[in-house]
Amino acid sequence: MRSLLLLPLALTAAACATAGSGGASAAGSPASSVASDAPERGAFVVRLGADTIAVERYTRTGNRIEGDEALRTPATSLRHYVATLGPDGTITELTYDARRLVGSLPPTHAEMRFGADSASVRLQAGGRDTTLRYAAAGLTPYVNFSYALMESMIMRQLRAGSAGSADSIAVPLVALGAPQPVIGTLRRVGSDSATFAVFEPTPYRARIDSRGRILGLQGLGTTQKVVVDRVSDVDVQATATAWAQRDSSGQAFGILSPTDSVRAAVGGAQLSVVYSRPARRGRTILGEVVPYGQVWRTGANAATMFTTSRDLVIGGTTVPAGSYTLWTLPSSATAAKFIINRQTGQWGTDYDAAKDLARVDAAVSTIPTPADRFTFAIEPNAGGNGGTIRYMWGNTQFAVPFTVK
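Criteria and thresholds
Residues numbered from 1 in each chain as written. Predicted model: local features only at pLDDT ≥ 70, side-chain atom pairs only at ≥ 80, totals over all residues. Heavy atoms only, no water. Salt bridge = Lys/Arg side-chain N within 4 Å of Asp/Glu carboxyl O. Helix = DSSP H or I, 4+ residues; strand = E, 2+ residues; numbered from the N terminus. Buried < 20%, exposed > 50% of the residue type's maximum accessible area, 1.4 Å probe, protein only. Contact = heavy atoms within 4.5 Å. Expected span 1.5 Å × (residues − 1). Polar contact = N/O pair within 3.5 Å; in protein donor to acceptor, adjacent residues only side chain to side chain. Pairing = 2+ DSSP bridges. Axes fitted to C-alpha atoms, helices over the stretch in contact; angles between N-to-C directions. Phe/Tyr/Trp six-rings, centres within 6.5 Å; stacked < 30°, edge-to-face > 60°.

Quick notes on the pattern of salt bridges
So, point 1. Inspection of the entire model under this criterion finds 18 salt bridges.
So, point 2. For D51, the salt bridge goes to R281, with nearest N and O atoms at 2.9 Å. You can see D51 sitting in strand β2 (residues 51-61) and its partner R281 sitting in the loop between β17 (269-276) and β18 (304-308), a full 230 residues away along the chain.
So, point 3. The exposure class assigned to R281 is buried, which follows from its relative accessible area of 13%.
So, point 4. In this structure, the salt-bridge partner of E379 is R390, at a minimum N-O distance of 2.6 Å. With a gap of eleven residues between them, E379 in strand β23 (residues 356-380) and R390 in strand β24 (residues 386-404) connect regions that are remote in the sequence.
So, point 5. A residue is classified by how much of its surface remains accessible, and E379, at 33% relative accessible area, is partly exposed.
So, point 6. Residue classification places R390 among the partly exposed positions, given a relative accessible area of 21%.
So, point 7. A network of salt bridges, in which partner residues are shared, links E40, D209, R211 and R213.

Right, dumping it as structure tokens:
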């Protein structure tokens, strides 16, 4: 079992009942014969590598879903939500409250109302009161890391009979504070699975029961790379209290992939890399977190930006002064392509191969001391006319030499 850090006994015991990553708890596997008017309870543990980053507990009674969630990043917060359901299972109203347990950040409150062809959201956040309106049919609320609300959406679509074994369903979603809806894609896969893609093409994959309830979910191919286990129960308040104690002692979990930069003066050129730094969290990086045969954003979040004030030569290709994004295509534990792309300013899943300037070989090697956070370095060579771009994560290092023209 992967470690669940600082969790109270009730949560640890429940998590131990799960059947592996993305599996269902033996005690928590729901029976499909539960009556619609009987209280139904569920709970989820959300992990990123070896770290638990959220726990959620909900109750469904008649036309109401009420839930509580503790979220650990960037600092511990408690969420509470109440969803009202229409006769067909559509969420017609959602109230949402979140508060940080340590510090003075103002709480967040939202009231969301959904009609047949429109939705409105009143959002109080950051000391501001904003009302947003959306004109579209079939809108559904989306709250990141809430799998009870995702489960409700899956259940409704399957109950409506519109998710055939080979059909995809477009689901318009309203995220808190978003200026416009986004389109999620739900697909039924066989009799016991469904996939759901939102904000990026790679989907989450859920194991579901006959009613569409989530038994386990994994998003290892997505940006978030989470694994979600259904468990028999969690003590959300006790978990949040334990995490908040760490926050108070200066051990807050922090941003999952903080932004950083590295700058260097080499041969008269000013070079910089601006990137995000995901953490290893006990995972195997190359071949798993960074799959073979797939283009990787070379970091996290927004595409990694590289800027040079002078022309460079990299792998025999002239790279004119300017800004680019950097990508990596690993093919094995010892081989990878370093990709220099002309497009800039995009999110890290929006790679366009047609805008590549060059693909050159990167030297791939194993380093004796693993890098827990993804790290870039620009190292001048002894002659002063060039150097090496290095980036490291886990026990793997990529190295790309360059010269200044």
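Section: the environment of D88
So, point 1. By the secondary structure assignment, D88 is in the loop between β4 (77-85) and β5 (91-100).
So, point 2. On the basis of relative accessible area, D88 is assigned to the partly exposed category, the value being 43%.
So, point 3. Residues D88 and R159 lie 71 residues apart in sequence; the distance between their C-alpha atoms is 8.2 Å.
So, point 4. In this structure, D88 is in contact with R156 and R159, ignoring residues within four places of it in sequence.

Quick notes on helix α2 (residues 147-159)
Residues that lie three or four places apart on an α-helix share one face, since the helix turns once every 3.6 residues.
So, point 1. Across its 13 residues, α2 extends 18 Å between first and last C-alpha, which sits within 8% of the 18 Å expected from 1.5 Å per residue.
So, point 2. Most of α2 is tucked away: eleven of the 13 residues are buried.
So, point 3. All of the buried residues in α2 are Y147, A148, L149, M150, E151, S152, M153, I154, M155, Q157 and L158.
So, point 4. Where α2 starts, the residue carrying a side-chain oxygen 3.5 Å from the main-chain nitrogen of L149 turns out to be S146.

Details of the side chain of Q224
So, point 1. Positionally, Q224 belongs in the loop between β14 (214-218) and β15 (227-231).
So, point 2. A distance of 2.8 Å separates a polar atom in the side chain of Q224 from a polar atom in the side chain of Y204.
So, point 3. Residues in contact with Q224, not counting those within four places in the same chain, are L48, N144, F145, Y147, Y204 and G219.

Digging into unusual backbone geometry
So, point 1. Residue P74 is bonded to the preceding T73 through a cis peptide linkage, with omega at -5 degrees.
So, point 2. With respect to the helices and strands, P74 occurs in the loop between β3 (64-71) and β4.
So, point 3. One non-glycine residue, F145, lies in the positive phi region at around 70 degrees.
So, point 4. Mapped onto the elements of the fold, F145 is located in the loop between β9 (140-142) and α2.
So, point 5. By relative accessible area, F145 is classed as buried at 8%.
So, point 6. In the Ramachandran plot, R281 falls in the positive-phi region, its phi being about 55 degrees despite a non-glycine side chain.

As for the sheet that holds strand β16 (residues 259-266)
So, point 1. Pairing within the open sheet is antiparallel, and its nine strands lie in the order β16-β17-β18-β21-β22-β23-β24-β19-β20. Pairing within the sheet leaves two strands with one partner each, and these edge strands are β16 and β20 (317-319). Across the sheet, the mean angle separating the axes of adjacent strands is 35 degrees when strand polarity is ignored.
So, point 2. Note: β23 against β24, eleven bridges, orientation antiparallel. Note that in β24 the partner of A363 across the bridge is A399.

Some thoughts on the packing of aromatic side chains
So, point 1. With the rule as written, the count across this model stands at 15 aromatic pairs.
So, point 2. With a centroid separation of 6.4 Å and 65 degrees between ring planes, the pair formed by F44 and Y147 is classed as edge-to-face. Taken together, the residues span a long stretch of sequence, with F44 in strand β1 (residues 40-48) and Y147 in helix α2 at a distance of 103 residues. Like F44, the residue Y147 is buried in the burial classification.
So, point 3. An angle of 70 degrees between the planes, with centres 5.0 Å apart, marks the rings of Y275 and F376 as edge-to-face. Here Y275, found in strand β17, pairs with F376, found in strand β23; they are 101 residues apart in sequence, far enough to count as distant.
So, point 4. Under the relative-accessibility criterion, Y275 is labelled buried at 4%.
So, point 5. For F376, a relative accessible area of 4% corresponds to the buried category.
So, point 6. An aromatic cluster of at least three residues, connected via ring pairs, comprises Y275, W296, F338, F374, F376, Y391, W393 and F398.

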